[in-house]
Amino acid sequence: MSGLVVCRGCCCGSSRKVPRLDHDAQVRRLSEVAEVRVTDCLNVCEQANVIVVRPSPAGRAAGGRPVWLGLVNQMEAADDIADWIRAGGPGLAEPPAVLGLYAFERPRPSSSTR
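Scope of this entry: the structure provided in the associated data block. (Residues numbered from 1 in each chain as written. Predicted model: local features only at pLDDT ≥ 70, side-chain atom pairs only at ≥ 80, totals over all residues. Heavy atoms only, no water.)

What about helix α3 (residues 75-87)?
Test applied: A run of DSSP states H or I qualifies as a helix once it reaches four residues; a run of E qualifies as a strand once it reaches two. Both are numbered from the N-terminal end. Here the expected span of a helix is defined as 1.5 Å times the quantity of residues minus one. Here's how the labels work: a residue is buried when its accessible area is under 20% of the maximum for its type, exposed when over 50%, partly exposed in between, all with a 1.4 Å probe on protein chains only. This arc corresponds to the set of directions leading from the helix axis out to the C-beta atoms. Only heavy atoms matter for contacts: two residues are in contact if any of them lie within 4.5 Å across the pair.
With 13 residues, α3 should reach 18 Å at 1.5 Å per residue; the first-to-last C-alpha distance of 19 Å fits that figure. Listed in full, the buried residues belonging to α3 are Ala77, Ala78, Ile81, Ala82, Trp84 and Ile85. In an axial view of α3, the angular spread of the buried residues amounts to 160°, which keeps them on one side of the axis. The exposed residues of α3 that point more than 90 degrees off its buried face are Glu76 and Ala87. Here the buried face of α3 lies against β1 (3-7), α1 (23-31), β3 (51-54) and β4 (67-69).

What follows is the structure in structure tokens.
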């Protein structure tokens, strides 16, 4: 089964930053279809709310890699992520086209943070 990393640090999960979303309900919805790990800040606050979709072992064996999604600020987006995971997730199923609007490249650490 695919897994999810859900950022709930300084900005993600914050009603100040994203006021019209029930952040807890979003996590509960995603927990229905995948193992969800809630983590502290992923350092991409400009993309709040951030969710990383990790491939299942079979998906990784098929070439799937983690997919970073940002601005996941509507419950409908959580539904699209859940549908993708039910279909197999990264490496096993194509994501719904709408998730392309949320996808972004994983940030690389700058040399000043190493």
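Right, picking up where we left off after that structure.
Side note on the pairing of β3
The condition is simple: A strand pair is defined by DSSP finding two or more bridges across the two strands.
The pairing of β1 with β3 spans 4 bridges and is antiparallel. If you follow Val5 over to β3, its bridge partner there is Val52. Judged from the 3 bridges that link them, β3 and β4 form a sheet pairing that is antiparallel. Each residue of the ladder has a partner; that of Ile51, found in β4, is Leu69.

Brief notes about the packing of aromatic side chains
Threshold: For Phe, Tyr and Trp, rings pair up if their centres lie within 6.5 Å, where Trp contributes its six-membered ring, and each pair is then called stacked (planes under 30 degrees apart), edge-to-face (over 60) or tilted (otherwise).
In total, this model carries 1 aromatic pair according to the counting rule given. Aromatic side chains Trp68 and Phe104 sit 5.9 Å apart centroid to centroid with 75° between the ring planes, which places their arrangement in the edge-to-face category. Note that Trp68 is positioned in strand β4 and Phe104 in strand β5 (residues 103-104), a separation of 36 residues in sequence. Overall, the relative accessible area of 12% leaves Trp68 in the buried class.

Remarks on the side chain of Ser56
Locating Ser56 in the fold gives a position in the loop between β3 and α2 (57-61). If sequence neighbours within four positions are ignored, Ser56 has contacts with Met1, Ser2, Gly88 and Leu92.

Quick word on the nonpolar core
The condition is simple: Take the buried residues of types Ala, Val, Leu, Ile, Met, Phe, Trp, Tyr and Cys, join any two whose side-chain atoms come within 4.5 Å, and each joined set is a nonpolar core.
Membership of the largest hydrophobic core comes to 19 residues, with the highest contact counts inside it found for Leu4, Leu30, Ile51, Val53, Val72, Ile81 and Ile85. Mapped onto this core, the elements with two or more residues apiece are β1, α1, β3 and α3. The element contributing the most residues to this core is α3, with 6 residues. Setting aside residues up to four positions removed in sequence, Leu30 forms contacts with Leu4, Val6, Val36, Ile51, Ala78, Ile81 and Ala82. In terms of nonpolar packing, the next biggest core, distinct from the first, is built from 10 residues, Val5, Ala48, Trp68 and Phe104 among them.

Examining the environment of Ala34
Mapped onto the fold, Ala34 is located in the loop between α1 and β2 (35-39). Residues Ala34 and Arg86, 52 residues apart in the sequence, show an inter-C-alpha distance of 8.7 Å. Leaving out residues up to four positions away in the same chain, Ala34 has contacts with Met1, Ser2, Gly3, Leu4 and Ile85.

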